[in-house]
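So the chains spell out like this:
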Amino acid sequence: MGGLQKKKFERGSATNYITRNRARKKLQLSLPDFRRLCILKGIYPHEPKHKKKVNKGSTAPRTFYLLKDIRFLLHEPIVGKFREYKIFVRKLKKAYGKTEWSAVERLRENKPTYKLDHIIKERYPTFIDALRDIDDALCMCFLFSTFARTGKCHVQTIQLCRRLTVEWMNYVIASRSLRKVFLSIKGIYYQAEVMGQLITWVVPYQFSHDHPVDVDYRVMATFTELYTTLLGFVSFRLYSSLNLVYPPKLDSNGESEPKEESEDDYAMNSESYLEKLSALSASLARVVSSADEEEAQLDQFPSEGEDMEKMEAREKELKQQEAQKKLFEGLKFYLNREVPRESLAFVIRCFGGQVSWDKSVCIGSTYDVTDETITHQIIDRPSVGKQYINRYYIQPQWLYDCVNAKILLPVEDYFLGVTLPPHLSPFVEEKEGDYVPPEKLKMMALQRGEKPGNEQEEDEEEEEEEGEQEEEQEEDDNGDEEDDEEEVAEEKNLKKMEEQRSQGKSLHVKVTPGKLKVENKARLEQEEKAEEKRLAIMMMKKKEKYLYDKIMFGKKRKVREANKLAAKRKAHDDSEKAKKKKARK
Amino acid sequence: MERALQQIFNFNRKPADEDKDDDLSDSEDSVYSGLEDSGSDSEEEEGSDDDEEEGSDDNDDKMKEKKEGEVSEEKKKHEYEHDSSDEEDIRNTVGNIPMEWYKDFPHIGYNLDGKKIYKPIRNKDELDDFLDKMENPEYWRTVHDKQTGSDVVLSDDQVELVNRLQRGQFGDVNFNECEPMVEFFSSDVMIHPVTNRPADKRSFIPSLTEKEKVSKLVHAIKMGWIKPRRVEDDGRGRYYNLWASEDSSILARHKMHLPAPKIPLPGHHESYNPPPEYLFTDEERALWEQQDPADRKLPFVPRKYSSLRQVPAFSQFIHERFERCLDLYLCPRQRKMRVNVNPEDLIPQLPKPKDLQPFPTTRSLVYRGHSGLVRSISVSPSGQWLASGSDDGSVRFWEVCSSRCMKTVQVGGAVKSVAWNPNPSVCLLAVALDSVVLILSPSLADKQVILSSERLLSAQQEGEEPAEGNGSVVWSEAEGEELNQGLRLKIQHPKAVHQVVWHAKGDYLASVMPDNTSHLQVYIHQLSRRRSQNPFSRNKGLVQCISFHPIRPYFFVATQRSIRIYNLVKQEMTKKLQTNSKWISSMAVHPGGDHVICGSYDCKLSWFDLDLSTKPYKMLRHHKKAVRGVAYHRLYPLFASASDDGSVIVCHGTVYNDLLQNPLIVPVKVLRGHVMTHDLGVLDVTFHPTQPWVFSSGADATICLFT
């Protein structure tokens, strides 16, 4: 029995993983630095398949990194920068201690900095990779751009975030790539389709934040550092893909030039530049003057695998998309003071509408309230003083619902002081068996082009419905009556039987003609099938049975939930109707 | 500084002003002209022009101020005439002492003669004071002088002074705060310099210490300890086309890369104005609040706002972002394969039960009569009679087709087991109760058969009395009343008997006395010779049930967890079947003899193929509760299991002659007909010997026939 004894945990999966502490020691970094490095380089722990094997037989909860990842970190130039920074801090402290102010100044001037360009390139080797991962970056930048410029993080970061988000919004407007908008209680969700990637981001409502205590802003700041770099490069690339100048410049000879007088109100040109840009009201300057704005008609290459139906469907979708892009074209909006200006301006401009606002709200308003050509005024207050006859006064939800429905919805439901119809999430795609809210069904009908009657008709319909319902109730009653009748008959029979029994005791045997039992063939067949299935289920293997039970449980739960929602809706509608009736009486 | 200096200057100048009768402007000029003359210093040639201009400006200002100053100085002179240090305006001579020392005295001090100076009579109380305040127009400018104790009315000038001081201005109205500074020490060389020392030598030779410092710095720069001032590089916010040269080569690391899942998109719940059904009811809300935050389905409460302007900020927004950040860098990732299985595909494809007929489908007859739960049933080999033993202490004989109870035998004890002799030429029934096995001759057959059975029972009477060595089993004949009922033989056992089974030939029968402690658990009795023997000398566990092989001389013994098969001829164990169940309840042997099914209290039914393995070929878990009885059909490929859940499940089980083909097992029917009583359902099940009928006896004291 020669040969060396094989030692445990020296080969196999145990050698592929490394615990966090060991990784930290290997890199000779402090925990905050290690955290930073992991965030910047996108290194995350991996869950080993067999924890016990990796954890040397113990089951203690530990986080494991791939050893290869950590080795890869060893050669990262940023690690060197971290060390430099550590030394810099030490020197600075020393200089402070000795009150050598010139040394402090000199050190401060030479504060080590690092760039993240190579990391971005390494993490996202292609542009599409970067686009795919940009959701979080956008969310974070939009959040940081709303922070107050005190404490919490550097003012430069906030400004940079603001600049990048404004650039992004301008790009989305220029490329008209916004697809869906959703007003949630958390914030406003936007979804854009950029180069075939669906990108979703959420913007908080414009309020000051009460900063929670249990949030580590260092972690967030590190992420933001990475995200701003990423977003900047992505923006550059996107702008150049549209032949736009980067950093963006306002189109000087555009038609919708903001008024010149307003500029005098602002102190500096450089300051007002970003604000004007963030007003989102003007188009951007192009490198090549907008020559080929119109996209060339796409040639179609019918592949053999695809049948005509699919092609047609795709074509239709494309057409629909094009139509959506021009949803608000030709409409002129005016935003009242109390509506969220930035969001609305962004949405309107994304779909080709013209928008303006009160001069006191923001720079960049292009026309006044008094403009007679305004078609819609967005308003969010119970009443308004002076109304113009030739425009609609509508609540902001109309715009968002139109975008999601991809058509211009009837404005009646959104007038001033009207109870708004529910705002539905455009991100929910109902599958078969899921609960679909009635509003969605209505919208889908509208999309198909079915025209609902105007309100009077609706009322009538409602009344009719009510009538029908009453009829139904009557029918139900009738049914009940029938049931009752049946019951009565049965009881009679029973009585007879009892009588017969009692008679039987006295040996009066009577033979009553049997009733022919009508057998429902289809139902019988169904029952048979169900039983067959039940019996077959009995014969399933244990493992498969478990899986099957799990799947069925999930399905049943889904159905239950859908039913619950439907029941809730029905109860609500009924109570509403009752209220209405009472009010009428 | 400037102001202070000016003041000093002014004060210094005052005596001079008094002395001089000339115009003051001359002297001023002279001072400044001197400054101007010496303005051309070698070091500050550039700044000199400016200085001149400033100087001339200053002069102009001075001229104006001086004119004003003259007026004021005239006043001052007037004042000074009265003012001398000797002639102080002393109102009394008490001196500068705290006046509260005299608070309680009528006087406020003493004069030079040592006489008391009395306070002015002051009979004002608070009311007078108040009235004074209200009526006296001068009240506001009246001040109480503590030193003299008298009230002083301030004059307009004095009030003005107080106001000025309160405003932080100088007391003197004419005082100019902004007079230009006169520079005594300047870079300009004056005609009459303040100091006239020649320059030091050290100001001409280069400084050694400085040189040392410089060389140190140079050395540090050379060594790279000090870096030259960094060029202000605005690295942030400088972007370029990073992906100008896209190389499609994927790094090895990227193969292992698991991209983070995206944040789930919001549903209707999250809308600021959701449909009403998505809002919480009060109960749901209470439930949500009670739940642990980790268990909640929704991390927030859906809210409805009637308009957009009423939507407040979401307080958890930063939190959620932060959580996402933590997830991104801290959460271990693992690739999980999610298989999308169609549940229909999981169901095995079995032959249709319709094609496997005949099998019992409906309950056609119910045999009522027992008053206790029916533990055991048995069908006569002819298929005409059914015997049942119940806890009410009776054995009943039923005609199968008419469900009539033909005979009732009171045996005086709860019947554990009944077994009909399988030999069709005799008509005997073995009944196990307490510790006795009774042999009954129910006389429900042809005369011939009855006679032959009587013969069989009486055959050994002629022989010797059983001379068994152990003597623990006693054979005795029934007498008197019992004989009339049909009782023939009593086999007294040492312990309670649980089960009795016949050999296929009908001469031997075996009985079980479950006992964990001794090896006397199984007895094999020979009827013709009235002999009993205990085949096992060792205790191998609690025996649950036993069975004879239908053809060959094998004997099956089921203990708690395994089944042992003994060869009775060779007197050795041939096989041990592992059932993988916790507690075997019943067992049945296939008429072919190569297959065994056994039911267990842990709801399992296992099918053994003896040729295949000692492990179950198939485990069926289709019962919800303990399996109580199992049975094979003698002719048809059917077997049935009875369970405490009140159901009898009939399965099709074809056994192929071809050894390579495994038996086909298909459940074909679930039969229900018994009522659950005391948590017990069906206790025994048995097939009709010739028809595809199945009998079941239940805890509800009935027996059912399913056809």
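The coordinates are above.
It should be emphasised that the depicted structure is a prediction, and the values quoted were computed from it without experimental measurement.

Trainee: Please provide a residue-by-residue account of the side chain of B:S417, values included.
Mentor: With respect to the helices, strands and loops of the structure, B:S417 is situated in strand β10 (residues 415-420). Separated by 3.4 Å, the side chain of B:S417 and the backbone nitrogen of B:V500 make a polar contact.

Trainee: If you had to explain the pattern of salt bridges to someone new, which residues and values would you point to?
Mentor: Evaluated as defined, the whole model comprises 43 salt bridges over all chains. In this structure, B:E270 engages A:K186 in a salt bridge whose closest nitrogen and oxygen atoms are separated by 3.9 Å. Residue B:E270 is located in the loop between α7 (252-256) and α8 (282-290), and its partner A:K186 is located in the loop between β3 (178-183) and β4 (187-194); the two belong to separate chains. Residue B:E270 shares its accessibility class with A:K186, and that shared class is buried. With a closest N to O distance of 3.1 Å, A:K332 and A:D371 form a salt bridge. With a gap of 39 residues between them, A:K332 in strand β6 (residues 332-335) and A:D371 in the loop between β7 (354-357) and β8 (376-378) connect regions that are remote in the sequence. There is no split in this pair, since A:K332 and A:D371 are both buried.

Trainee: Explain the nonpolar core to me, and be specific about the residues and the numbers.
Mentor: Residues and elements named next belong to chain A. Within the largest apolar cluster, 129 residues are counted, with the highest numbers of intra-cluster contacts made by W168, L178, W201, M220, F328, F346 and W398. Here the element with the most residues in this core is helix α11 (residues 217-241); it accounts for 13 residues. Excluding residues that lie within four positions of it along the chain, W168 makes contacts with L138, F142, V194, I199, W201, L231 and L238.

Trainee: Break down the sheet that holds β8(A) for me, citing the residues and quoting the values.
Mentor: All names here are of chain A. The four strands are arranged β7-β6-β8-β9 in an open sheet whose pairing can be described as parallel. Either end of the sheet is taken by a strand with one partner, and the two such strands are β7 and β9 (392-394). Pairs of neighbouring strands in the sheet enclose a mean axial angle of 25°, with direction left out of account. Sheet analysis places β8 next to β9, joined by three bridges and oriented parallel. Within β9, the residue paired with H376 across the bridge is Y392.

Trainee: Could you give me a rundown of the sheet that holds strand β15 (residues 499-502) of chain B, with the residues and numbers involved?
Mentor: Adjacent strands of a sheet pair through backbone hydrogen bonds, lying either parallel or antiparallel. All names here are of chain B. Overall, antiparallel pairing links the four strands, which are arranged β15-β16-β17-β18 in an open sheet. The outermost strands of the open sheet, each flanked by one partner alone, are β15 and β18 (531-533). Strand after strand, the sheet turns through a mean of 20° between neighbouring axes, direction not considered.

Trainee: Quick rundown of the packing of helix α2 (residues 31-41) of chain A against α11(A)? Include the residues and the values.
Mentor: Residues and elements named next belong to chain A. Interaxial distance between α2 and α11 falls to 9 Å at its minimum, and their mutual angle equals 35°. Of the two elements, α2 crosses α11, and the hand of that crossing is right-handed. Facing R35, R36, I39 and L40 of α2, the residues of α11 in contact are R218, V219, T222, F223, E225 and L226. The residue inventory of the contact of α2 with α11, partitioned by class, reads five nonpolar, one polar and four charged.

Trainee: Tell me what's going on with the side chain of B:S378, and back it up with residues and numbers.
Mentor: Residue and element names in this part refer to chain B. Position of S378 among the secondary structure elements: in strand β6 (residues 374-379). Here W420 takes part through its backbone nitrogen, which lies 2.9 Å from a polar atom of the side chain of S378. Beyond its immediate stretch of four places on either side in the chain, S378 contacts W385, L386, A387, V418, A419 and W420.

Trainee: Pulling in residues and values, what's your account of the packing of aromatic side chains?
Mentor: Applying the stated rule across the entire model yields 41 aromatic pairs over all chains. Ring centres of B:F536 and B:F555 lie 6.4 Å apart, and the angle between their planes is 25°; this geometry places the pair in the stacked category. Of the two residues, B:F536 is situated in the loop between β18 and β19 (543-548) and B:F555 in strand β20 (residues 554-559); the sequence distance between them amounts to 19 residues. Aromatic rings pair up to connect A:F142, A:W168, A:Y171, A:Y190, A:W201, A:F236, A:Y239, A:Y246 and A:F346 into one cluster. Seen from the ring of A:Y367, A:K332 lies directly overhead, with NZ or CZ sitting 4.5 Å from the centre. The aromatic ring of B:W288 is capped on one face by B:R296, whose charged end is 3.8 Å from the ring centroid.

Trainee: With reference to specific residues and values, describe helix α10 (residues 155-175) of chain A.
Mentor: Residue and element names in this part refer to chain A. Compared with an ideal rise of 1.5 Å per residue, which puts 21 residues at 30 Å, α10 spans 30 Å between its outermost C-alpha atoms and is within 8% of the ideal. Taking burial as the measure, the 21 residues of α10 include 16 buried ones, the bulk of the element. Just past α10, the residue R176 takes up positive phi, approximately 55°.

Trainee: Summarise the environment of B:D700; cite the residues concerned and give the values.
Mentor: Residues and elements named next belong to chain B. Looking at the secondary structure, you find D700 in the loop between β32 (694-698) and β33 (702-706). Exposure remark for D700: the relative accessible area of 19% places this residue in the buried category. Each C-alpha atom of the pair D700 and G372 lies 7.6 Å from the other, and the pair is 328 residues apart in sequence. Excluding its chain neighbours within four sequence positions, the residues that come into contact with D700 are H674, V675 and T677.

Trainee: Go over a positive patch on the surface with me, naming the residues and quoting the values.
Mentor: Residues A:K81, A:R83, A:K86, A:R90, A:K91, A:K94, A:K98, A:R106, A:R108, A:K111, B:K227 and B:R230 make up a contiguous surface patch of positive charge. Elements with a contribution of two residues or more to the positive patch: α5 (77-97) and α6 (101-109) of chain A. At six residues, α5(A) tops the list of elements feeding residues into the positive patch. In this fold, A:K98 is placed in the loop between α5 and α6.

Here is what the cut-offs are and how they apply
Residues numbered from 1 in each chain as written. Chains lettered and ligands numbered in written order. Predicted model: local features only at pLDDT ≥ 70, side-chain atom pairs only at ≥ 80, totals over all residues. Heavy atoms only, no water. Helix = DSSP H or I, 4+ residues; strand = E, 2+ residues; numbered from the N terminus. Polar contact = N/O pair within 3.5 Å; in protein donor to acceptor, adjacent residues only side chain to side chain. Salt bridge = Lys/Arg side-chain N within 4 Å of Asp/Glu carboxyl O. Buried < 20%, exposed > 50% of the residue type's maximum accessible area, 1.4 Å probe, protein only. Core = buried A, V, L, I, M, F, W, Y, C linked by side-chain atoms within 4.5 Å. Contact = heavy atoms within 4.5 Å. Pairing = 2+ DSSP bridges. Axes fitted to C-alpha atoms, helices over the stretch in contact; angles between N-to-C directions. Left-handed = near helix turned anticlockwise from the far one by under 90°. Nonpolar A, V, L, I, M, F, W, Y, C, P; charged D, E, K, R; others polar. Phe/Tyr/Trp six-rings, centres within 6.5 Å; stacked < 30°, edge-to-face > 60°. Lys NZ or Arg CZ within 6 Å of the ring centre and 35° of its normal. Expected span 1.5 Å × (residues − 1). Patch = residues over 30% accessible without salt bridge, like charges linked within 9 Å, V, L, I, M, F, W, Y side chains within 5 Å. Areas by Shrake-Rupley, 256 points an atom, 1.4 Å probe, with all protein chains shown as cover. Lys, Arg positive; Asp, Glu negative; His and termini not counted. Charge placed at Lys NZ, Arg CZ, Asp CG, Glu CD.

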